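Here are the chains, one letter per residue:
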Amino acid sequence: MTQLLQQTITGALTGSVYAVVGLGLVVIAQATEIINFGQAAMGTFVTFIAWSLLLRLPYPAGFLLGTIVAFVVGALVERLVIRMVPEKERTGLNPLIVTLGLLFVFYGLTVGIYGGQPHPFPQPFAGPPIDLHGVHIGRASLYLFGVSLALVLALYLLFRHTRLGLVLRATAANRTAAELAGVPTDRMMMLAWGLGIACAGVAGMLLAQLLSLTPNMMDVVLVFAFAAAVVGGLDSMVGTLVGGVLLGVLQSLTGVYLGNVVRWLHLPFNIAQPQQYRDLIALVVIVVLLIVRPQGLFGRKRVVKL
Amino acid sequence: MKRAAWATASVIPTPVELLALIVGLWFAVYVAGPRAGLAVGAVGAAVMLASWRRTRRGAQAGRGVSSARLGWAIGAALFAVVLPGVAKSTFAVSLMDRALVVSLIVLSLNLVTGYTGQISIGHAALLGIGAYAAAIATGQGHLSIVLAVAIGAAATAAVGLLIGVPALRLRGHYLGLVTLAITVAFPEVLQVHELEKYTGSFNGLSEFSRAFGPPVSWHWLTSERWHYFVGLLVLLVAIWLVSNLVRSAAGRALTATRDDENAATAMGVDIALVKISAFVVSAALAGVAGGLWFLLNNRSVAPDGFTLTQSIEFLLAMVIGGRASILGSILGGFFLVYIYQQGVQAFSSAFQSGSRNWADVLVVALITVLVLLWFSRRSVLPRTTRSFMARPASPVTRAGLVTGAVVVAAVIAVGVLAGLRFITSTFLNVVALQPAFAGAAVLLVVLAMPGGLAGFTRDLDALSWAEVGEWLHGRIVPGGVGADEQTRGVSRERERVSSG
Amino acid sequence: MSEKAGGEAGTSVCSRGEDRATASADGAHPMLRVRDLWVSYGKLRVLHGVNLEVKRHGVVALLGANGAGKSTLLRAISGLARPDAGSIEFEDESIVGQRPSSLVHRGLVHVPERRPLFADLTVEENLMVGAYSTRGRSAIATALERAFEYFPILKERSRQRAATLSGGEQQMLVIARALMASPRLLLLDEPSLGLAPLVVRDIYRIITRINREQGVAVLMAEPNVGIALSIADLGYVIETGTVMSVGSAAELRGSEQVRRSYLGQGAAST
Ligand SMILES: Nc1ncnc2c1ncn2[C@@H]1O[C@H](COP(=O)(O)OP(=O)(O)OP(=O)(O)O)[C@@H](O)[C@H]1O
Ligand SMILES: [Mg+2]
């Protein structure tokens, strides 16, 4: 029982980071109707920059600077790349290919500048896990969860309770109408990309202190984040958070209990190393979910113009 | 019209002919060394050039072009058959072989993604399934290689069906996500403990000892050349298959579904069937390519050959080569092998050792000039630079502006990189930057060259020296030639769609 | 008798428009001045050298059949469409090539046809988006009060999603949203489209009030001649992308040209 609780909590904590990346995807998708397949690569690139900054700077300063760099990278990419694709050509394959191009650009920059070897990432709260009646919670995970939650909350407040958020939502809903209402929509697009990539950057810095920093660190995370966003129907922040946490829990439980489940079902084979299936089972669930409910678990059924 | 007549009447090659000549010669010399390469390349290019002009003249006069076709065949054969025969090394041959197999996989991807618009980021996994099926069938199943490749194709076709049916429910990015998930999962599946005895986990499978040799022993027919010719045959069959598919009624419907699904439904086309069959045929071709891949790599397969990176490389190659185009698939395959993989390596080693190959530099410079010219003709630049400027300027100043912007961006980038290098005290690895070049190339293609290399050659076809002169003297009127060219591009696009 | 006046207006075609343009320029500077404007969509030329002026506090109607180019003209003025040639001056400054949003900040607000609103936002949120260019809490509150004063029904509906409003209420909402930006010149595109005559009358009554009380100049596209001329000082008849005639409401009402353009329907209805 303690182990179940332990695994559930660990999974939920880790899953919150998928929600952060997913939230970045949602913000960008809402504003520009583009799903950014380069999200993870951009986040990793920024994390490497933050890492090199952290060699010289104290953690809070490096973290903050990293977030700012991420924001700037996102805004610049919107300005220099995304906006150059004429609106009427943002259909079919083009957006996907552009973002895959971005993926390669940033992946290449990461490997070219920093090389492929893993680096340890500084942890702000190093120390032994916290013991709560037999349930051990790693400080890094807890920190990750706290920051993720704070970020989700901040974004929620921004979008629901500020004028800027209102204007961003209006821009996402109808760009021409927003422009005619006096909203400088191109700046809003830059802002949305900045926010989206800032999410990716923060997620990267959080993940890097939990795992270790490699150029491919976030490949799988992109799929999970995307899935978390889809759970929320690509427009719901709460849905994305729930989706991310559920995925994390699923992964964590698979890693421990898959063998038991197989035995319990009397399947004609054995699973010796269930942790190898952590990602696989989650990926299978994602594929099935997408095929059965493409509009997401919480999403309203409607035409998605993505 | 006037331009074309002038071009055919003159002995001076038109810009596109010049470009083709230079690229052809350069390629031949690259593969076969200076003497043999020059000979084969010159003859091949001359024959192709002659038949090219004959074809154009014939088309103008409304005559048949059968003798010109023969010329084309001879010219192509010189490049495709004789060139590997006189290649300077076995490495050069195996590189050509690799380009063929990559062309095949890009062609397969083009069928499903370029023609029907169903996004697949999963082709590396399909390639891998074909390769692993072939490896397991020959290794553990002790089957003949032909049978093994067939099994691989059948296996991937089944997987294609498995993806194709649910793919009907998914639009755009969702299909992208599903295929992305498959790509990410595939190498992990291969390394699962329970499958280790079949897949060999992260080491993969290899049987270097049993090379796939030619059936007759003849010293000229080395196993590389044998591989190459088998690959060539397979590619030709695949091209024949795909071009028939694409030109058939179902094929035209395929393209129609990409452009407008509602219209296609109204036409009474069974979209579902067309889409699924595109997936199945594409997967089967990818499976065959996988079998060839297995042979190409000395009968070995490993999980790290079929990752997300490869999937994206294929997609990028398809876009750079040209979407919904057979020529584009081949150009894309050759781009991936010669420019992306070999070229960048050669560039960086030349960069590091300080020795520069002047022929290469010249080719690059010429291509750059032509690309710039083409940019100014297509009036793409005003579109992309519009937001920088309040009023449209002349194309030349626009080109200058963009060149300036690129230079500034490069300087900034180098500055930033140098700064980062200072902080981390690591060195910039040019070879590792490779993906960044490919990514940048793709961004450029999407922004300015929607037809890819194949479309580029088509556009260049209409360029004359007179215009080159005008461009050099900055006398092309804003909107004039460019606008004309753009509408011409559109109508050409239409023609291509309607003729399949 | 009216035929004679109509004949005069009808024969004057384009030159008459220019006469007027120069004539009014003699007096106060016009607020908006469009000169020789050419606009096309791709290869399709839609406007062929249009001249037009709107005086400060004036109400000008654009008349013309469907597809004449009225909306295109408004789109070009507000920056949604790029002119090929010609000049557009707003308060003596060229505004060609400016973004619509920056024109909103300068007091030129376009209410496009088909009433685009933010369907998932509430009525009040829609209005708040319109207030983007207004700075300061109290200024926004004042603007909101003013909007609700003109359109009291919106106050009742302020927490409702905009998508659930009736057609007439939606039209009111887009006009109110434009008011939130404190415009000096309003471009209205067919505010009467698809509405019941009574509602149309209400909306035009409010537009007139806005014009009188706030001093907002109005340039509106309105194919219904009767309604348009009942509130406009000046009408421009546009046909296939050129100004066919210009005149005061009275002149145009009797014009043969206008009769021919509309088969006499509009004139009959007043
Ligand atoms: N986005 C567009 N692309 C291509 N053609 C367009 C576009 N918008 C308008 N047109 C064409 O331009 C012409 C003028 O259109 P416009 O909308 O300005 O007419 P209008 O006078 O407003 O008509 P209505 O009274 O029906 O609103 C029409 O022939 C129309 O088909
Ligand atoms: Mg209109």
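Residues numbered from 1 in each chain as written. Chains lettered and ligands numbered in written order. Predicted model: local features only at pLDDT ≥ 70, side-chain atom pairs only at ≥ 80, totals over all residues. Heavy atoms only, no water.

### What to know about the overall build of chain A
Here comes step 1: Broken down by element type, chain A carries 11 helices and two strands.
Here comes step 2: Relative to the 2.2 N^0.38 estimate, which gives 19 Å for 306 residues, the radius of gyration of chain A is 20 Å and therefore close to what a compact globule would have.
Here comes step 3: Summarising its shape, the C-alpha atoms of chain A cover approximately 60 × 50 × 40 Å along the three principal directions.
Here comes step 4: Between the averaged position of the 18 positive side-chain charges in chain A and that of its 10 negative side-chain charges there is a distance of 5 Å. (Helix = DSSP H or I, 4+ residues; strand = E, 2+ residues; numbered from the N terminus. Rg over C-alpha atoms; globule rule 2.2 N^0.38 Å. Lys, Arg positive; Asp, Glu negative; His and termini not counted. Charge placed at Lys NZ, Arg CZ, Asp CG, Glu CD.)

### Description of the overall build of chain B
Here comes step 1: Scanning chain B from terminus to terminus reveals 22 helices and two strands.
Here comes step 2: Looking at chain B residue by residue over its 500 residues, the buried ones come to 49%.
Here comes step 3: Put simply, of all contacts in chain B between residues at least 6 apart along the chain, 80% involve residues at least 24 apart.
Here comes step 4: Carbon and sulfur atoms make up 70% of the accessible area of chain B, which totals about 22200 Å². (Buried < 20%, exposed > 50% of the residue type's maximum accessible area, 1.4 Å probe, protein only. Contact = heavy atoms within 4.5 Å. Areas by Shrake-Rupley, 256 points an atom, 1.4 Å probe, with all protein chains shown as cover.)

### Points about empty space enclosed by the protein
Here comes step 1: Across all of its chains, the model carries five cavities of 30 Å³ or more by this definition.
Here comes step 2: Taken as a whole, the largest cavity encloses approximately 100 Å³ of empty space.
Here comes step 3: Lining the largest cavity we find Ala41, Thr44, Leu103, Phe104, Tyr107, Thr110, Pro215, Asn216 and Asp219 of chain A together with Leu308, Thr309 and Ile312 of chain B.
Here comes step 4: Contributing elements (two or more residues each) for the lining of the largest cavity: helix H2 (39-54) and helix H4 (94-114) of chain A together with helix H14 (308-321) of chain B.
Here comes step 5: When residues of the lining of the largest cavity are assigned to their parent elements, the largest contribution, four residues, is made by H4 of chain A.
Here comes step 6: When its residues are assigned to classes, the lining of the largest cavity shows seven nonpolar, four polar and one charged.
Here comes step 7: By volume, the second largest cavity is sized at about 80 Å³. (1 Å grid on protein atoms, 1.4 Å probe; cavity = no way out; pocket = protein on both sides within 12 Å on 5 of 7 lines; lining within 4 Å. Points joined across faces, edges and corners; volume = space filled by probe spheres on them. Nonpolar A, V, L, I, M, F, W, Y, C, P; charged D, E, K, R; others polar.)

### Things to note about the sheet that holds strand E10 (residues 242-248) of chain C
Residue and element names in this part refer to chain C.
Here comes step 1: Within the open sheet, the six strands sit side by side as E6-E7-E8-E3-E9-E10. Their pairing is mixed. Where the open sheet ends on each side, the last strands, each with one partner, are strand E6 (108-111) and E10. Strand-to-strand twist in this sheet, taken as the mean axis angle between neighbours without regard to direction, amounts to 15°.
Here comes step 2: Against the sheet, helix H7 (residues 167-179) makes contact with E6 and strand E7 (185-189), and its axis sits at roughly 170° relative to E6, the strand it touches most. (Pairing = 2+ DSSP bridges. Axes fitted to C-alpha atoms, helices over the stretch in contact; angles between N-to-C directions.)

### Some thoughts on the site of ligand 1
Residue and element names in this part refer to chain C.
Here comes step 1: Surrounding ligand 1, one finds 13 residues, the nearest of these being Gly67, Gly69, Lys70, Ser71 and Thr72.
Here comes step 2: Between ligand 1 and the protein, one listed contact pairs an oxygen atom with a backbone N or O atom of glycine 69 at 2.9 Å.
Here comes step 3: At a separation of 3.2 Å, an oxygen atom of ligand 1 approaches a polar side-chain atom of glutamate 113.
Here comes step 4: Look at ligand 1: alone it shows 630 Å² of surface, and the protein chains cover 61% of it.
Here comes step 5: Where the shell around ligand 1 is concerned, the elements lending two or more residues are strand E2 (44-54) and helix H2 (70-78). (Near = heavy atom within 4 Å. Polar contact = N/O pair within 3.5 Å; in protein donor to acceptor, adjacent residues only side chain to side chain.)

### Comments concerning the packing of helix H6 (residues 123-139) of chain B against helix H7 (residues 145-167) of chain B
Residue and element names in this part refer to chain B.
Here comes step 1: Two elements in contact, H6 and H7, have axes separated by 8 Å at closest approach and are oriented at 140°. Between H6 and H7, the interaxial angle falls into the category oblique. Once H6 is placed against H7, the crossing between them reads as right-handed. Taken together, the residues of H7 that come into contact with H6 (itself represented by Leu126, Ile129, Gly130, Ala133, Ala134, Ala137 and Thr138) are Ile145, Ala148, Ile151, Gly152, Ala155, Thr156 and Val159.
Here comes step 2: Considered class by class, the residues forming the contact of H6 with H7 number 10 nonpolar, four polar and no charged. (Parallel < 35°, antiparallel > 145°, perpendicular 65-115°, else oblique. Left-handed = near helix turned anticlockwise from the far one by under 90°.)

### Section: the coordination of the magnesium ion (ligand 2)
All names here are of chain C.
Here comes step 1: Taken together, the protein ligands of the magnesium ion (ligand 2) are Ser71 (OG) and Glu113 (OE), with distances of 1.8 to 2.5 Å. In this pair, serine 71 sits in helix H2 while glutamate 113 sits in the loop between E6 and helix H4 (123-130), placing the two residues 42 residues apart along the sequence.
Here comes step 2: Classification of serine 71 by relative accessible area gives buried; the value is 13%.
Here comes step 3: By relative accessible area, glutamate 113 is classed as partly exposed at 24%. (Donors = N, O, S within 2.8 Å, 3.2 Å for Na, K, Ca; no water.)

### Some thoughts on the interface of chain C and chain A
Here comes step 1: Contact residues are listed per partner, giving 24 residues for chain C and 22 residues for chain A.
Here comes step 2: In total, about 1800 Å² of surface goes out of reach between chain C and chain A, with carbon and sulfur atoms giving 63% of it.
Here comes step 3: In terms of surface lost to chain A, no three residues of chain C exceed Arg99, Phe118 and Tyr132 of chain C, which account for 32% of the buried area on that side.
Here comes step 4: At the boundary of chain C and chain A, one finds three salt bridges.
Here comes step 5: Note that arginine 99 of chain C and glutamate 179 of chain A form a salt bridge whose closest N and O atoms lie 2.8 Å from each other.
Here comes step 6: On the surface where chain C and chain A come into contact, there are seven residue pairs in polar contact (both at pLDDT 80 or more).
Here comes step 7: Of the residues assigned to the side of chain C that touches chain A, the class counts are 14 nonpolar, six polar and four charged. (Buried area = accessible area lost by both parts, 1.4 Å probe. Salt bridge = Lys/Arg side-chain N within 4 Å of Asp/Glu carboxyl O.)

### Topic: the pattern of salt bridges
Here comes step 1: Under the definition given, this model contains 13 salt bridges over all chains.
Here comes step 2: A salt bridge links glutamate 91 of chain C to arginine 56 of chain C, with the shortest nitrogen-to-oxygen separation between them at 3.6 Å. Of this pair, glutamate 91 of chain C sits in the loop between strand E4 (83-90) and strand E5 (93-94) while arginine 56 of chain C sits in the loop between E2 and strand E3 (59-63), and the two are 35 residues apart along the sequence.
Here comes step 3: Overall, arginine 56 of chain C belongs to the partly exposed group, its relative accessible area being 41%.
Here comes step 4: Within this structure, Glu179 and Asp186 of chain A together with Arg99 of chain C form a network of salt bridges that share partners.

### Considering the interface of chain B and chain A
Here comes step 1: The interface is formed by 55 residues belonging to chain B together with 57 residues belonging to chain A.
Here comes step 2: For the pair chain B and chain A, the summed buried area comes to about 5100 Å², and 75% of that belongs to carbon and sulfur atoms.
Here comes step 3: Connecting chain B to chain A are zero salt bridges.
Here comes step 4: Our enumeration of links across chain B and chain A arrives at one residue pair in polar contact (both at pLDDT 80 or more).
Here comes step 5: Counting only elements with at least two residues in the side of chain B that touches chain A, the list comes to helix H8 (172-190), H14, helix H17 (380-385), helix H18 (395-424) and helix H19 (434-448) of chain B.
Here comes step 6: Counting residues per element, the side of chain B that touches chain A draws most heavily on H8 of chain B, which supplies 11 residues.
Here comes step 7: The residue makeup of the side of chain B that touches chain A, split by class, is 37 nonpolar, 12 polar and six charged.

### Side note on the sheet that holds E2 of chain C
Residues and elements named next belong to chain C.
Here comes step 1: The antiparallel open sheet is built from four strands, whose spatial order is E2-E1-E4-E5. For this open sheet the edge positions go to E2 and E5, each flanked by a neighbour on one side alone.
Here comes step 2: Summarising the sheet, E4 and E5 pair through two bridges and their orientation is antiparallel. Paired with phenylalanine 90 across the bridge in E5 is glutamate 93.

### With respect to H7 of chain B
Here comes step 1: If you check H7 of chain B, its first and last C-alpha atoms are 32 Å apart, about what 23 residues at 1.5 Å a residue would give, namely 33 Å.
Here comes step 2: Burial in H7 of chain B covers these residues: Ile145, Ala148, Val149, Gly152, Ala153, Thr156, Ala157, Gly160, Ile163, Gly164, Pro166 and Ala167 of chain B. (Expected span 1.5 Å × (residues − 1).)

### What to know about unusual backbone geometry
Here comes step 1: Positive phi outside glycine occurs at alanine 324 of chain B, with the angle close to 50°.
Here comes step 2: Owing to a relative accessible area of 11%, alanine 324 of chain B belongs among the buried residues under this scheme.
Here comes step 3: Unusually for a residue other than glycine, arginine 114 of chain C sits at a positive phi of about 65°.
Here comes step 4: As for its placement among the helices and strands, arginine 114 of chain C is situated in the loop between E6 and H4.

### A look at the packing of aromatic side chains
Here comes step 1: With the rule as written, the count across this model stands at 18 aromatic pairs over all chains.
Here comes step 2: Members of the aromatic cluster, joined through ring pairs, are Trp26, Phe27, Tyr30, Phe334 and Tyr338 of chain B.
Here comes step 3: Taking NZ or CZ as reference, lysine 88 of chain B lies 5.8 Å from the ring centre of tyrosine 30 of chain B, over its face.
Here comes step 4: Cation over ring: arginine 135 of chain C sits above tyrosine 132 of chain C, and NZ or CZ is 5.7 Å from the ring centre. (Phe/Tyr/Trp six-rings, centres within 6.5 Å; stacked < 30°, edge-to-face > 60°. Lys NZ or Arg CZ within 6 Å of the ring centre and 35° of its normal.)

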